[in-house]
Amino acid sequence: MKSGLIILAILSCLLCGCNGRQPLKASVHSIMTTRPVRNSEESTKRFTGIVKEAKEINLGFKTPGQIKRIAVKEGGYVRRGQLIATLDNADYKLGVDALQAQYDQLANETKRLEILYKGKSISTNDYEKALAGLKQVRIKLQTNKNKLNYTRLYAPTAGYVDKVNFDEAEMVDAGMPVITLLDTSGKEVEVDIPADLYLDNKNIISVMCCPLYGGEPLPMRIISITPKADATQLYKMRLAFANKPAEQLTGGMNIGIEVRMAAPGSGDTFAIPLHSVFQEKGTTYVWTVNEQSVVNKRKVTVNGIDASGNAVVTSGLDGGERIVKAGVNALHEGEKVKVIDEGSKTNVGGLL
């Protein structure tokens with residue numbers, strides 16, 4: 001009997017010793033998250049806009065002359081750097097050839113004078129005059145080469161030819177718009193809005209483009225709203241496509257515009273579960289969860305409870321956060337947590 005008790009005591013000591021050598025593993029809290037719901041009464045206003053090219057470019061030669069060739073047609077597409085028109089460059093070539101011959105002659109003379117100058121056979125003043133003369137001719141030669149290059153007109157960007165203002169053999173002056181190009185690198189939409197929407201534009205939630213040919217709605221962003229009404233008391237709003245617009249959208253096309261509006265003063269608060277709010281030292285907080293599943297405290301202001309039993313937050317949230325839904329009192333600042341998916345509404349309790 002005594003030997004049995006002794007064996008039990010030894011085993012108990014061994015078990016205690018083993019348990020003492022194994023460190024306790026820290027538990028990771030599992031949480032469920034939710035997002036704030038904006039308290040807003042929304043309405044949708046519909047308008048018709050017009051697709052506009054982002055830029056209209058008037059292209060002209062940098063030097064006067066007679067048009068030799070128009071290489072594009074109205075409505076045609078041109079690539080960036082494509083040749084679109086040329087001038088008769090015969091006289092410009094003759095000017096370059098004449099100055100090139102003069103420059104070559106002076107360059108040879110200057111080399112001979114340099115040898116004499118190094119041998120102290122001519123004065124420094126005479127040698128410097130020769131260098132200055134060579135420089136002047138070189139500048140004139142480069143100027144004429146530039147004018148020769150200016151007789152070729154290239155497209156500065158990709159786009160469509162809207163207008164061709166001159167025909168071949170016509171004389172044009174420097175800077176006269178020969179071709180009008182529509183830049184297709186970006187498209188905009190112009191829409192006329194009434195005064196009530198202009199005055200209430202701060203409550204615009206989103207703007208969507210709805211192509212009339214039945215394409216997918218496209219998100220838009222507001223570029224500007226002209227702060228002056230036209231004769232019909234309408235204000236011009238310019239919109240840009242948030243993403244690349246469809247190729248089917250061309251300049252001048254009519255397009256549907258849907259503007260989602262929040263009721264004045266209703267879009268400034270958010271509804272969150274009541275159990276996601278906690279207090280420390282008289283201050284109200286929620287736990288936010290970042291992409292690395294780390295929780296951080298966020299100070300909020302709560303103003304009552306709505307009809308659904310949710311807390312109404314008036315400040316501290318912007319609506320894009322993930323917040324801890326419940327179990328907030330067990331968490332600590334900077335703690336790593338495990339985010340679990342919310343169960344299906346048709347599988348209450350996760351029984352299936």
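Residues numbered from 1 in each chain as written. Predicted model: local features only at pLDDT ≥ 70, side-chain atom pairs only at ≥ 80, totals over all residues. Heavy atoms only, no water.

A short note on the overall build of the chain
Here is step 1 of the chain: Each helix and strand in the chain was counted, giving four helices and 23 strands.
Here is step 2 of the chain: Within the chain, the fraction of its 352 residues that count as buried is 32%.
Here is step 3 of the chain: Within the chain, counting contacts between residues at least 6 apart in sequence, those at least 24 apart form 73% of the total.
Here is step 4 of the chain: Split by element, the accessible area of the chain, about 22500 Å² in all, is 53% carbon and sulfur. (Helix = DSSP H or I, 4+ residues; strand = E, 2+ residues; numbered from the N terminus. Buried < 20%, exposed > 50% of the residue type's maximum accessible area, 1.4 Å probe, protein only. Contact = heavy atoms within 4.5 Å. Areas by Shrake-Rupley, 256 points an atom, 1.4 Å probe, with all protein chains shown as cover.)

Here's the deal with helix H2 (residues 90-118)
Here is step 1 of the chain: With 29 residues, H2 should reach 42 Å at 1.5 Å per residue; the first-to-last C-alpha distance of 42 Å fits that figure.
Here is step 2 of the chain: Buried within H2 are the following residues: Tyr-92, Val-96, Leu-99, Tyr-103, Ala-107 and Thr-110.
Here is step 3 of the chain: Where H2 is buried, its residues meet helix H3 (124-149).
Here is step 4 of the chain: Positive backbone phi, approximately 60°, marks Lys-120, located one or two places after H2. (Expected span 1.5 Å × (residues − 1).)

Section: the environment of Ser-308
Here is step 1 of the chain: When you line up the elements, Ser-308 lands in the loop between strand E20 (301-305) and strand E21 (311-315).
Here is step 2 of the chain: With a relative accessible area of 61%, Ser-308 lands in the exposed category.
Here is step 3 of the chain: Distance from Ser-308 to Pro-273, taken between C-alpha atoms, is 9.4 Å for residues 35 residues apart in sequence.

Some remarks on the environment of Ala-174
Here is step 1 of the chain: For Ala-174, the location among the structural elements is in the loop between strand E10 (171-172) and strand E11 (179-193).
Here is step 2 of the chain: Overall, the relative accessible area of 38% leaves Ala-174 in the partly exposed class.
Here is step 3 of the chain: Spatially, the C-alpha atoms of Ala-174 and Lys-62 are 4.9 Å apart, while their sequence positions differ by 112 residues.
Here is step 4 of the chain: If sequence neighbours within four positions are ignored, Ala-174 has contacts with Phe-61, Lys-62, Thr-63 and Pro-64.

Comments concerning the side chain of Thr-180
Here is step 1 of the chain: You can see Thr-180 is positioned in strand E11.
Here is step 2 of the chain: For Thr-180, a relative accessible area of 4% gives the class buried.
Here is step 3 of the chain: In this view, Thr-180 contacts Glu-56, Ile-57, Asn-58, Tyr-160, Val-161, Asp-162, Lys-163 and Asn-165; residues no more than four positions away in its chain are not counted.

Some remarks on the pairing of strand E16 (residues 269-272)
Here is step 1 of the chain: Neither face of E16 is open: one carries Thr-269 and Ala-271, the other Phe-270 and Ile-272, and all of them are buried.
Here is step 2 of the chain: Sheet analysis places strand E3 (residues 37-39) next to E16, joined by three bridges and oriented antiparallel. Note on E16: the bridge partner recorded for Asn-39 is Thr-269.
Here is step 3 of the chain: Pairing analysis gives three bridges linking E16 to E21, with the strands arranged antiparallel. Opposite Ile-272, over in E21, you have Ala-311 as the bridge partner. (Pairing = 2+ DSSP bridges.)

Topic: the sheet that holds E10
Here is step 1 of the chain: Spatial strand order, E8-E7-E5-E10: four strands in an open sheet with antiparallel pairing. The sheet terminates laterally at strand E8 (152-154) and E10, the two strands that pair on one side only.
Here is step 2 of the chain: Pairing of strand E7 (residues 83-87) with E8, which is carried by three bridges, proceeds in the antiparallel orientation. Of the residues in E8, the one forming a bridge with Thr-86 is Arg-152.

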